[in-house]
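# Summary of structural features
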Amino acid sequence: MCGIVGYCGVKNTSEILLGGLRRLEYRGYDSSGIAVSGENSIIVVRRVGKLNNLTEAVAESSLATDNKASFGIGHTRWATHGEVSEENSHPHTDCTGKIAVVHNGIIENFSGLKDRLIANGHKFKSQTDSEVIAHLLEEAWNGDLNAAIHAVLPMLRGTYGIIAMHADAPGVLVGARCGSPLVLGIGDNEMFLASDPGALTRHAKKVVYLDDGEIVSITADGFNITDGKNRDIKKTADNIEFRNDDFEKGDFPHFMLKEIFEQPESIKRGTTGRLDLAASTGKLGGLNMTEDELRAIRRVVIVGAGTSYFAGCIGANFLESMAGVPARAELASEICYKNIIVEPDSMYFVVSQSGETADTLIALRELKRKGARVLGICNAVGSTIARETDGGVYIHSGPEIAVASTKAFTSQITAFAIFAAIMARLREMTSVQGDAFIKAFSAIPALIKETLELDSTIAKLAEKYCNYPNFIFLGRGICLPVAREGALKLKEISYIHAEGIGAGELKHGTISLISEAMPSMFLVPNDGLREKNISSMKEVKARKGRVIAICTAGDTEARDIADDVIEVPETLPILAPFLMIIPLQLFAYHSALKLGRDVDQPRNLAKSVTVE
Ligand code: F6R
């Protein structure tokens, strides 16, 4: 959470910083600010609210007419310590106003440090943990910013990605990473620092991913990376993989809608080169495992948070149903504090779109500490989780900008479907069954495209139902996690309360909520559980509940019972999640839109949850 950016070069520094923050705004959007070099001084502009407020403030400031800055830093905040206010916005400055700092993470021992600094006469202007870094740098300053940061870092406990500048160290920025991401961008006579490479794609040619414990110092024409003991570290630079239109809405009004409509393409990208039609199986080179090693796996445990956890639940179902391998998904925020029993013949996956989620990262480290081999299913290339896992799969869905995850979800289950096919074909699945699966799976992008044509029908449905304050989403088997994901989507962007439950659980308590005021969204694919779902729908109707059914095209029985029906194309029952989720994503989107919510940046949230 929080995005940080830094720039050294000859271009318009405030514009570059604002452009970088625009790309990082998904990481937090409570407030934002920049600090740029002035004449022997630092000019700070900060504003509460969305980045547009800061952009307007910069346009009205002296920077609009007289901007000779050649280095600067910026920050977009997701509040942890201290309310959302201009004083608590970054960059934070020291008592002299010559040092400015942006920080992403949490300084756990800030209170003791602050007491000591106050006793030494420092005046604090904010309630944040981050401000201590500026004052500590002030105490350590002896004319060399790099030396000062080296002196300060050992005093900090917690997590940080930091960038600091000093008015008397012209053209120099220092950055440090411990638990919060930081990348270096290399351009032509310009250098950048940022929380993620997406902020750099417009200008930088190459990126260097910093690791925990590394400290970097940059000028416009060079950089130097050291460890905490000031020993030089040589690192290789990688190409930047994103295209600039990944960060534009194009003809869509919101990133979320664009990303929902991208799914036929993003799924295809995730399968390119990964389906072996001749052997009726999948191919995932990144697993770094031989067929013998895969055959020896007796159990699979999948760890993730939020939407990634639900994708993991579906992945576990694929593995059990197709390959007969016992599998389960665990919530990252829970497993990291349990006594995890790591077994030698088990395989562990961590799933994360951003590759930076703190809970998932902690779980990964805990699993590795106990000797597990952990593979990653990630979207963000070069992210911390992708780099700390022992191998894995990039889902290649492209940058996901809307806070609500959509295309990453279907790409994550794509990766699991391929993995399950591999595991199944190394066990009991015949080539005929494998062939049928691969053919049906290859047809999914076209079927999603067909399902997306329901957009305007679903918009009308959302208009009809968006004023209900509560919803129940119901599914069974492989569609239970889809129901839970549909409920999560609706609540996070429309703020309508929604609960996703197993349809069989209705009679164990939730049915007491059923009345005319409570709509139920049933997932009714054409599978072995269809009749049970139909019975549950009847139970709801018998109690005057309103039923919306997402069913397979031609299901007249579901149509007769439900108040409203959305029909999706037929596919193999095991692949139903790919199609069932599309109407739920669109329903959440249109409900939020009708209610006037901020669809791409819902309140209180951030895309990448890098705090526990
Ligand atoms: C919901 C959503 C979150 C994330 C969760 C994990 O739409 O986006 O629930 O899925 O915070 O994030 P990643 O996948 O980045 O680890």
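### Considering the overall build of the protein
Counting its regular elements, the protein contains 20 helices and 26 strands. For the protein, whose C-alpha radius of gyration is 26 Å, the value lies close to the compact-globule estimate of 25 Å for 612 residues. Dimensions of the protein along its principal axes, counting C-alpha atoms only, are 75 × 55 × 40 Å. On the protein, roughly 22900 Å² of surface is accessible, and the fraction owed to carbon and sulfur atoms is 49%.

### Some remarks on the site of the ligand
Around the ligand lies a shell of 14 residues, among which Ser308, Ser352, Ser354, Thr357 and Glu492 are the nearest. Measuring from an oxygen atom of the ligand, one finds a side-chain N or O atom of serine 354 at 2.6 Å. For the ligand, an oxygen atom lies 2.9 Å from a polar atom in the backbone of serine 405. Notes on the ligand: free accessible area 400 Å², of which the protein chains cover 90%. Counting only elements with at least two residues in the shell around the ligand, the list comes to α9 (306-323) and α17 (480-494). Looking at the shell around the ligand residue by residue, the classes come out as 4 nonpolar, 8 polar and 2 charged.

### Focus on the pairing of strand β11 (residues 206-209)
Direction of pairing for strand β9 (residues 183-186) relative to β11: antiparallel, over a ladder of 4 bridges. Paired with isoleucine 186 across the strands is lysine 206, a residue of β11. The pairing of β11 with strand β14 (residues 238-239) spans 2 bridges and is antiparallel. Bridge pairing in β14 places valine 207 opposite aspartate 238.

### Quick look at the pairing of strand β26 (residues 564-568)
The two faces of β26 differ: Asp564, Ile566 and Val568 on one face are buried, but Val565 and Glu567 on the other face are not. Two strands pair when backbone bridges link them, and strand β25 (residues 546-552) and β26 are joined in this way by 5 bridges, in the parallel orientation. Bridge assignment links isoleucine 548 to a residue of β26, and that residue is aspartate 564. Running through helix α19 (residues 556-561), the crossover from β25 to the neighbouring parallel element β26 is right-handed.

### Details of the packing of helix α1 (residues 13-24) against helix α2 (residues 51-60)
Interaxial distance between α1 and α2 falls to 11 Å at its minimum, and their mutual angle equals 175°. Viewed along their axes, α1 and α2 adopt a mutual orientation that is roughly antiparallel. From α1, Ser14, Leu18, Leu21 and Arg22 reach across to α2, where they touch Leu51, Asn52, Leu54, Thr55 and Val58.

### A closer look at the sheet that holds strand β6 (residues 99-107)
The 6 strands lie next to each other as β5-β6-β7-β8-β12-β13, forming an open sheet whose pairing is antiparallel. Two strands bound the open sheet, and with one partner strand each, they are β5 (92-93) and β13 (222-226). Relative to strand β7 (residues 158-166), β6 is paired through 9 bridges, and the arrangement is antiparallel. Bridge pairing links valine 101 to alanine 164 in β7.

### Details of unusual backbone geometry
The peptide bond linking histidine 90 to proline 91 adopts the cis configuration, its omega dihedral lying at -5°. Following the sequence through the fold, proline 91 ends up in the loop between β4 (71-77) and β5. Located in the positive-phi region is asparagine 189, a residue other than glycine, with phi close to 55°. Here asparagine 189 lies in the loop between β9 and β10 (191-194). At asparagine 288, a residue that is not glycine, the phi angle is positive and equals roughly 55°.

### Thoughts on the sheet that holds strand β3 (residues 42-48)
The strands making up a sheet associate through backbone hydrogen bonding, with each pair oriented either parallel or antiparallel. Across the sheet, 8 strands lie side by side as β3-β2-β4-β1-β10-β9-β11-β14; this open sheet has antiparallel pairing. The outermost strands of the open sheet, each flanked by one partner alone, are β3 and β14. Across 6 bridges, strand β1 (residues 3-8) lies against β4 in antiparallel orientation. Residue cysteine 8 lies in a different strand from β4, and its bridge partner there is phenylalanine 71. Here α1 sits on the sheet in contact with β1, β2 (31-37), β4 and β10, set at roughly 155° to β1.

Conventions adopted
- Residues numbered from 1 in each chain as written.
- Predicted model: local features only at pLDDT ≥ 70, side-chain atom pairs only at ≥ 80, totals over all residues.
- Heavy atoms only, no water.
- Helix = DSSP H or I, 4+ residues; strand = E, 2+ residues; numbered from the N terminus.
- Rg over C-alpha atoms; globule rule 2.2 N^0.38 Å.
- Areas by Shrake-Rupley, 256 points an atom, 1.4 Å probe, with all protein chains shown as cover.
- Near = heavy atom within 4 Å.
- Polar contact = N/O pair within 3.5 Å; in protein donor to acceptor, adjacent residues only side chain to side chain.
- Nonpolar A, V, L, I, M, F, W, Y, C, P; charged D, E, K, R; others polar.
- Pairing = 2+ DSSP bridges.
- Buried < 20%, exposed > 50% of the residue type's maximum accessible area, 1.4 Å probe, protein only.
- Right-handed = clockwise from strand over helix to strand, strands pointing away.
- Axes fitted to C-alpha atoms, helices over the stretch in contact; angles between N-to-C directions.
- Parallel < 35°, antiparallel > 145°, perpendicular 65-115°, else oblique.
- Contact = heavy atoms within 4.5 Å.

The quantities given are spatial measurements derived from coordinates; they are silent on function.
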